[in-house]
Each structure stands twice: as structure tokens, then as C-alpha cells.
Amino acid sequence: MMPSKVYLGRDNQRGFTLVELLLALTIGAFLVGGMLQLYVGSKKSYNIQSTLTELQELGRFSLNNMIQDVRMAGFLGCGRSDDVVNVINGGTVNWEYDASNALIGYEGGASVFPAEIAGDVIANTDAFKLVRAIPDDRYVVQSHSTTTNTFTLDQTHDLQLGDLLMATDCLNSAMFQMTNANPGNTSLIVEHNQGAGAPGNCTAGLGAPLDCSSATGTPYQFGEDAFLMRMTSRVYYIGTGSTGRNALFRRGINNNGALGPAIELAEGVQDMQVVYGRDTDGDGGVDQYDLANAIAGVQWGEVVSIQINLLLESADDNIADDPQTYVTVNGLDGSLTPVNAADRRLR
């Protein structure tokens, strides 16, 4: 039996008219456009929030790198920085060996910066240096000979030839450079002879007053209650980072007493401005805040606080709709200065 065939007439066919298609396309375009606008808005909001989070993390990271050093500036065990006998050659001239002023600042556009960083510092940004002992590198003295210029410690140590060290018994303190080797960290001995090493010691005598006119100087014998600590000095400043953007840098003394290379800590730190709180009446509280170029000589010994202001910028451009107008803060009086950005980074 053959299957029957059904033929549909033109009246039985159905479809969409051109008007219906155009209307459907228009509605679809509106829906797609709305979804696209929603996506773009969400993406933009995400980028802004993500960038703000990155800036906050950058600020925390930058400050945390400096906070421990700043809080420990001038720490010498139990001695005061202005009572230290510093026998290191250039100890009162070169910033990296000067413990008499535990913290010194440099005002951008006004101060003379240390020669080692002067060519790297971004114009009109501030810098500061500090000197401190490292409490983790502390060794108890078993005996001290002013004849052989030798400390004998109560245990083997990892101190090395050229290390900058502080000896203190809470009555007297002396800063010197270690002059003997310690292969394999097996020695109990630390020597402080005259002249050996770079910069070397001007004398072997660790007593007050400082006398660099002879090899023996002013002898002082530290007792069994004394201890030795490794010293460090560091300078923080804003320079040009590896990608060409401003960055926070640190440069300091290596364990062998030599000045180490600059270390890029955080890219995107556009500016650093610092003010210093001074205790001018000796009561331990801040009496006034000054810029670095308003503080000189022994006045640095009056600095008891430091206020660090960082200006951060996002890594990516075109985050903001238009170039931002941001403000810089005058740490002395709190006044704000508006600045028009030349890009669309967030700050």
C-alpha cells in the first residue's frame, strides 16, 4: 500500500513578518546592550576596587618595611647614642657609621643628600637614614683583654671580619669594626685592632674620651656582664624602579661593614614626605614638628617621632575616567595642595 502524500496550501504556512523580525531584533539589541553595559560597569567597578585594594596593600607593605627600623632607631642595647665611643674611621662624618645621630632626615629640594644616593633620589622627595643594633645578633662577653684587644664570648658566633659591632655594659658603649676572621663560625674571639679593614678602626681603645692619636687610644675593659651586638645602618628614599616608575628603595650596610646595593622594596610609591617630632624640653613628649632642613647637628638627638606620608599610584593607567586631582599634605600645618595628574592612574 503506497503512503499517502499531504500537500499544504499556501494558506496553511506560517512565519514572521519583516516588522516582527525588526521588532525582535530591536528588543534583542536592547537586551544585549543592557547586559553589555552592566558587564562593563561591573568590570570597571571591579577594576577600581581591585586597584584600591592593591594600593592599600602597597601602603601597608611600604610602611611595614620602615616601621621596625624607625622604632628601633638608636637602639644600642642599654646605651645612649650620644654616649657611644665610636672608633670607626669616619664614624662621625659618614652617615653609615655615625651612631651619634641615630636618625637623620633629608628634605627634598633643600637638604644635601648622602653622595651614595644623591644621584638616585627623585627630585623633591624626602629621605632618612637610621642606625641601630640588631637585638637578635647579641652575644655575652666572657672576658675582655685591652692588651690583645680581644673579646672572648661565652659561645661560638657568626660575626665576621668587617662587621660593625657595639659593645656595651650599660655604663659605657663603644662602636667598632671586627678585625679578625671567623671561618666556619667556630670562633669565640672578636678582635678590635687599629687600622685593619675598611674603613677600619682609628684606635683599639674603646674608652672615653675618644683618642685616635695612638694605637691604644683610651683603654676600657668591658666586664663579664657586657655584650656585643651587630650594628646596621639604612637609608630609605624614592628612586626610579626597574620599570621606570617611582619606587621605595632601601640601601644599607652589609654584614661585612660595606655599603650594599640599593634594594627596590615597592614599586608605585610616587612620593615620600617626612616630618620630625622634637622633644625640645627633655620631657619625652613632642613639642614641635619640623622639616629635615630645619633641624641641624645635635638637634637630631631631640627627634622622638617621625611622620611618614606616602603618595601611591596604581600600576595600570586608564583606571579613572578622567585625570585625577589629588592633594599633597603639609605635615607641619595639615594644609592641602591640589595637584592635577597627567594620567588616569588612581592615587
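Refer to the preceding data block for the structure.
In this report, the structure presented in the accompanying data block is examined. (Residues numbered from 1 in each chain as written. Predicted model: local features only at pLDDT ≥ 70, side-chain atom pairs only at ≥ 80, totals over all residues. Heavy atoms only, no water.)

**So, the overall build of the protein**
From N to C terminus, the protein includes two helices and 15 strands. At 33 Å, the protein has a C-alpha radius of gyration far larger than the 20 Å of a compact globule built from 347 residues. The principal-axis extents of the C-alpha atoms in the protein amount to approximately 125 × 65 × 35 Å. Burial status across the protein gives 41% buried among its 347 residues. Within the protein, contacts between residues separated by at least 24 positions form 60% of all contacts whose residues are at least 6 apart in sequence. (Helix = DSSP H or I, 4+ residues; strand = E, 2+ residues; numbered from the N terminus. Rg over C-alpha atoms; globule rule 2.2 N^0.38 Å. Buried < 20%, exposed > 50% of the residue type's maximum accessible area, 1.4 Å probe, protein only. Contact = heavy atoms within 4.5 Å.)

**Quick look at the nonpolar core**
In this structure, Leu103, Phe128, Leu248, Val269, Met272, Tyr276 and Trp300 are the most contacted members of the largest nonpolar core, which totals 35 residues. Put simply, the parts of the chain that give this core at least two residues each are helix 1 (18-72), strand 2 (103-106), strand 3 (127-145), strand 8 (227-240), strand 9 (246-252), strand 10 (263-267), strand 11 (269-278) and strand 13 (303-312). Those residues in contact with leucine 103, other than ones at most four positions away along the chain, are Ala73, Phe128, Lys129, Leu130, Tyr276, Trp300, Val303 and Ile306. With 18 residues, the next largest nonpolar core counts Leu165, Ala167, Met178 and Ala226 among its residues. (Core = buried A, V, L, I, M, F, W, Y, C linked by side-chain atoms within 4.5 Å.)

**A word on the state of the cysteines**
Applying the stated criterion across every chain, the model contains one disulfide. Covalently, cysteine 202 is tied to cysteine 212 through a disulfide, its sulfur atoms 1.9 Å apart. Here the disulfide of cysteine 202 and cysteine 212 is left-handed, its torsion about the S-S bond being about -45°. Residue cysteine 202 is located in the loop between strand 7 (189-191) and strand 8, and its partner cysteine 212 is located in the loop between strand 7 and strand 8; the two are separated by ten residues in the primary sequence. (Disulfide = S-S within 2.5 Å.)

**Section: the packing of aromatic side chains**
Counted by the stated rule, this structure contains seven aromatic pairs. Between the aromatic rings of tyrosine 237 and phenylalanine 249, the centroid separation amounts to 5.6 Å while the plane-to-plane angle is 10°, which identifies the pairing as stacked. Placement of tyrosine 237 in strand 8 and of phenylalanine 249 in strand 9 is noted, with a sequence separation of twelve residues between them. One aromatic cluster is present, built from ring pairs that chain together Phe151, Phe176, Tyr220 and Phe222. Arginine 138 extends its terminal NZ or CZ atom over the ring of phenylalanine 227, reaching a point 3.8 Å from the ring centre. (Phe/Tyr/Trp six-rings, centres within 6.5 Å; stacked < 30°, edge-to-face > 60°. Lys NZ or Arg CZ within 6 Å of the ring centre and 35° of its normal.)

**Considering the sheet that holds strand 12 (residues 288-290)**
Pairing is antiparallel across the open sheet formed by three strands, whose spatial order is 12-11-13. Two strands bound the open sheet, and with one partner strand each, they are strand 12 and strand 13. The sheet shows a mean angle of 30° between the axes of neighbouring strands, direction not considered. In this sheet, strand 13 lies alongside strand 11 in antiparallel orientation, the contact comprising nine bridges. Paired with glutamine 273 across the two strands is asparagine 309, which belongs to strand 13. (Pairing = 2+ DSSP bridges. Axes fitted to C-alpha atoms, helices over the stretch in contact; angles between N-to-C directions.)

**What to know about the pattern of salt bridges**
Considering all chains together, one arrives at 13 salt bridges under this definition. Arginine 230 is paired through a salt bridge with aspartate 137; the nearest N and O atoms lie 2.6 Å apart. On the criterion of sequence distance, the pair formed by arginine 230 in strand 8 and aspartate 137 in strand 3 is long-range, its members being 93 residues apart. Each of the two residues, arginine 230 as well as aspartate 137, counts as buried. Between arginine 230 and aspartate 158 there is a salt bridge; the shortest N-O distance is 3.8 Å. Of this pair, arginine 230 sits in strand 8 while aspartate 158 sits in the loop between strand 4 (150-153) and strand 5 (164-168); the two residues are 72 residues apart in sequence, bridging distant segments of the chain. For arginine 230, a relative accessible area of 3% translates into the label buried. (Salt bridge = Lys/Arg side-chain N within 4 Å of Asp/Glu carboxyl O.)

**Quick word on a nonpolar patch on the surface**
On the surface, a nonpolar cluster with roughly 340 Å² of combined accessible area is contributed by Leu18, Leu22 and Leu25. Along the chain, leucine 25 turns up in helix 1. (Patch = residues over 30% accessible without salt bridge, like charges linked within 9 Å, V, L, I, M, F, W, Y side chains within 5 Å. Areas by Shrake-Rupley, 256 points an atom, 1.4 Å probe, with all protein chains shown as cover.)

**Structural notes on the pairing of strand 5**
Burial runs high along strand 5: five of the five residues are buried. Of the two faces of strand 5, the one holding Leu164, Met166 and Thr168 and the one holding Leu165 and Ala167 are both buried throughout. The pairing of strand 5 with strand 6 (residues 173-177) spans five bridges and is classified as antiparallel. When the sheet's bridge partners are listed, threonine 168 is paired in strand 6 with serine 173. Between the antiparallel neighbours strand 5 and strand 6 lie four residues, among them cysteine 170 with a positive phi of about 70°. In terms of strand pairing, strand 5 meets strand 8 through four bridges, oriented antiparallel. Note on strand 8: the bridge partner recorded for leucine 165 is arginine 230.

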